[in-house]
Amino acid sequence: MAEEKKSLNFIEQIIKEDLKNGLDNTKLRFRFPPEPNGYLHIGHAASICLNFGLGQTYNAPVNLRFDDTNPTKEEQEYVDAIKKDIKWLGFEWDNELYSSDYFQQLYEWAILLINNGKAYVDDQTSAQIAEQKGTPTQVGTDSPNRNRSVEENLELFEKMKNGDFKEGSHVLRAKISMTANNMLMRDPIIYRILYKKHHRTGNDWNIYPMYDWTHGESDYIEQISHSFCTLEFNPHRELYNWFLKQVYNGDNLKPKQREFARRNLSYTVMSKRKLLQLVEEELVNGWDDPRMPTISGLRRRGYTAKSIRDFSETAGIAKRDNITDIALLEFHIKNELNKTAPRVMAVLDPVKLVITNYPENKEEILIAENNPEDENAGSREVPFSREIYIEREDFREQANKKFFRLKLDKEVRLKNAYIIKANSVVKDESGEITEIQCTYDEDSRSGSGSEASKRKVKGTIHWVSIKHAIKAEVRLYDRLFTDEAPDSHKDKDFKEFINPNSLKIIDNAFVEPSLKTATVGNQFQFQRLGYFNIDNDSTKDNLVFNRTVPLRDSWAKQNK
RNA sequence: UGACCCAUGGUGUAACGGUAGCACUCCGGUUUUUGGUAUCGUCAGUCAAGGUUCGAAUCCUUGUGGGUCAACCA
């Protein structure tokens, strides 16, 4: 059997190596650990695809663990949204878990630390503690409280837990080294007092564990074999291991933290903090605004789960900082929709066209192919009549040979219909064309098999019958930022680069009548224009479409 | 004036001491009742300098460039 040699990313190589060195593959276990303080974005998708993907390749469990140790930022709304997005992406978790499930165990371990002389209560102000921490190039100094007795520490910590102290007055610190090169090792805080209701534990706790004290121990409790996080946590690894060593019982598996580069996309921002700003300052219409790089935004925009998975797969996993071209994401959605989206005709910028030799009251039903890429897609009926709308930019009174569309005295094919020739125009007082008058070749109907129907004309344009068309709202989206990396400028705020034209609403578009029965989420290709889906705001009487992504347009490029 | 991480076409990612490959983008040809799709093709890369080796993108040294670290955030 010829085996295809698939190249492995560095994380897969680490696992392969661990397996080779004796790790039993039944011990493999992964986790995806979001903090429920915002919505998931395309960067998280990379991590989700990585962890759940590893679960699939190795047939290993993958936990969904909410890292909920900071009640000031976390909400149930986010928990629900995160679960929805992961499911939608097509993944299933083994256990739904919460760091807060481990608050009691973490507390007991903190007492163990105190008993072992590895932790102490500090009642200095946060400013004093920060001051003593030193700087990256200058060592810190010991807290005056560093050598409290075990008994005193136990008592103070108990009081912290019982709510006897004011918020911010006391912390529990690990006793490591104030001279370590790694700032995180300089006696990091592991518990702080917070009188804040937690979305799961309510008011049970007055003290909350910090990230570093929680994450590794949670991995350990769940016996996660490989704990993957993004690059900025690399300095935390030393502390992660230090904490683990304090509670390790010698038998269990010791989780391993490794870091990979977060996935950045050009022309957008990828940090929950900044996305939250956009939402709160109403620069977008919520987390699921179709311009947002959130999973919910992309979904509403018309991106499919598969396209996002394919993107993550193609973009890969590595350790260097990156800004991936948004064109790669767009490629994957176009690639999929090209094969699956039914073709329809819609006119976004209508101008009236009259076929003067077509009988006044005649109507015809023409047959249109639903998808040339899919022979099982079948066909549909499209009504034709004397007066139609075409795209304003598809007509010019005069143009050079490169303009393949309609111009005076020249012919063009109406898609799925007849060949027409433009004869004259009617203009209003400002000189704008209000009507194009044409004649049609009666024998040239598409698919009729006649000689005339087989004639080659250079251009084909789309249209809708005015009498039969449905008026619709169409929302055109452009990139949210004008800069490739809006948050990379040290002296400028990312919001300075917001694209003022990122949303264009067209309220007088016309679509063919077959769209009458379309419902929210349905996806189409508006021929020659792009891929569109029906937005949540859409109603039976007022169809609303989002443009997911335009078609490649080599004509527009040529005209630049 | 520290420690740690990183460096391959425009972008993203492979090659694990033995032919620098793939995808996207860009550009061009062919086909086409979508200026779409498909298809064919072009352009284009190992940060630098030393060293080890028969052989270096890969190992070593130094430099350069980028990133991370001084929240009672995660």
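Reference entry: report on the structure contained in this document. (Residues numbered from 1 in each chain as written. Chains lettered and ligands numbered in written order. Predicted model: local features only at pLDDT ≥ 70, side-chain atom pairs only at ≥ 80, totals over all residues. Heavy atoms only, no water.)

**Some remarks on helix H7 (residues 211-222)**
In step 1: With 12 residues, H7 extends 16 Å from end C-alpha to end C-alpha; this agrees with the ideal 16 Å at 1.5 Å per step.
In step 2: In terms of burial, H7 is largely enclosed, as 10 of its 12 residues are buried.
In step 3: Of the residues one or two after H7, Gln223 is the one with positive phi, at around 55 degrees. (Helix = DSSP H or I, 4+ residues; strand = E, 2+ residues; numbered from the N terminus. Expected span 1.5 Å × (residues − 1). Buried < 20%, exposed > 50% of the residue type's maximum accessible area, 1.4 Å probe, protein only.)

**A word on the protein's contact with RNA strand B**
In step 1: Taken together, 70 residues lie near RNA strand B, and Gln13, Arg320, Ser446, Arg528 and Lys557 sit nearest.
In step 2: Thr460 is positioned such that a nitrogen or oxygen atom in its side chain is 3.5 Å from a sugar or linking oxygen of RNA strand B.
In step 3: Here Gln525 contributes a side-chain N or O atom positioned 2.5 Å from a base nitrogen of RNA strand B.
In step 4: Contributions of two or more residues to the surface near RNA strand B are made by strand S6 (189-193), helix H11 (305-315), helix H12 (326-340) and helix H13 (554-558).
In step 5: Across the surface near RNA strand B, the residue classes break down as 22 nonpolar, 26 polar and 22 charged. (Near = heavy atom within 4 Å. Polar contact = N/O pair within 3.5 Å; in protein donor to acceptor, adjacent residues only side chain to side chain. Nonpolar A, V, L, I, M, F, W, Y, C, P; charged D, E, K, R; others polar.)

**A closer look at the environment of Arg192**
In step 1: Secondary-structure assignment places Arg192 in strand S6.
In step 2: Once you skip the residues sitting within four places of it in the chain, Arg192 turns out to touch Thr69, Asn70, His170, Val171, Asn206, Ile207, Tyr208, Pro209 and Met210.
In step 3: At 3.4 Å, the side chain of Arg192 and the backbone oxygen of Thr69 are in polar contact. (Contact = heavy atoms within 4.5 Å.)

**Things to note about the nonpolar core**
In step 1: Core analysis: the largest hydrophobic core is formed by 42 residues, its most contacted members being Ile11, Phe30, Ile42, Ile48, Phe52, Ile86 and Phe228.
In step 2: Counting residues per element, this core draws most heavily on helix H2 (residues 42-58), which supplies seven residues.
In step 3: When residues are assigned to domains, this core turns out to be shared by domain 1 (10-260) and domain 2 (272-342 + 472-558), each giving three or more.
In step 4: In contact with Phe30, not counting residues within four places along its chain, are Ile15, Asn51, Leu54, Gly55, Ala60, Pro61, Val62, Asn63, Ile224, Ser225, His226 and Phe228.
In step 5: In terms of nonpolar packing, the next biggest core, distinct from the first, is built from 35 residues, Met185, Ile193, Trp242 and Phe243 among them. (Core = buried A, V, L, I, M, F, W, Y, C linked by side-chain atoms within 4.5 Å. Domains from an automatic or database assignment.)

**Thoughts on the side chain of Asn37**
In step 1: Its location among the elements puts Asn37 in the loop between strand S1 (30-32) and H2.
In step 2: At a separation of 2.7 Å, a polar atom in the side chain of Asn37 contacts the side chain of Lys272.

**Overview of the pairing of strand S14 (residues 379-385)**
In step 1: Where burial is concerned, most of S14 is hidden: five out of the seven residues are buried.
In step 2: When strand S13 (residues 363-369) meets S14, the two strands line up antiparallel, connected through seven bridges. Across the sheet, Leu366 pairs through a bridge with Val382, a residue of S14. (Pairing = 2+ DSSP bridges.)

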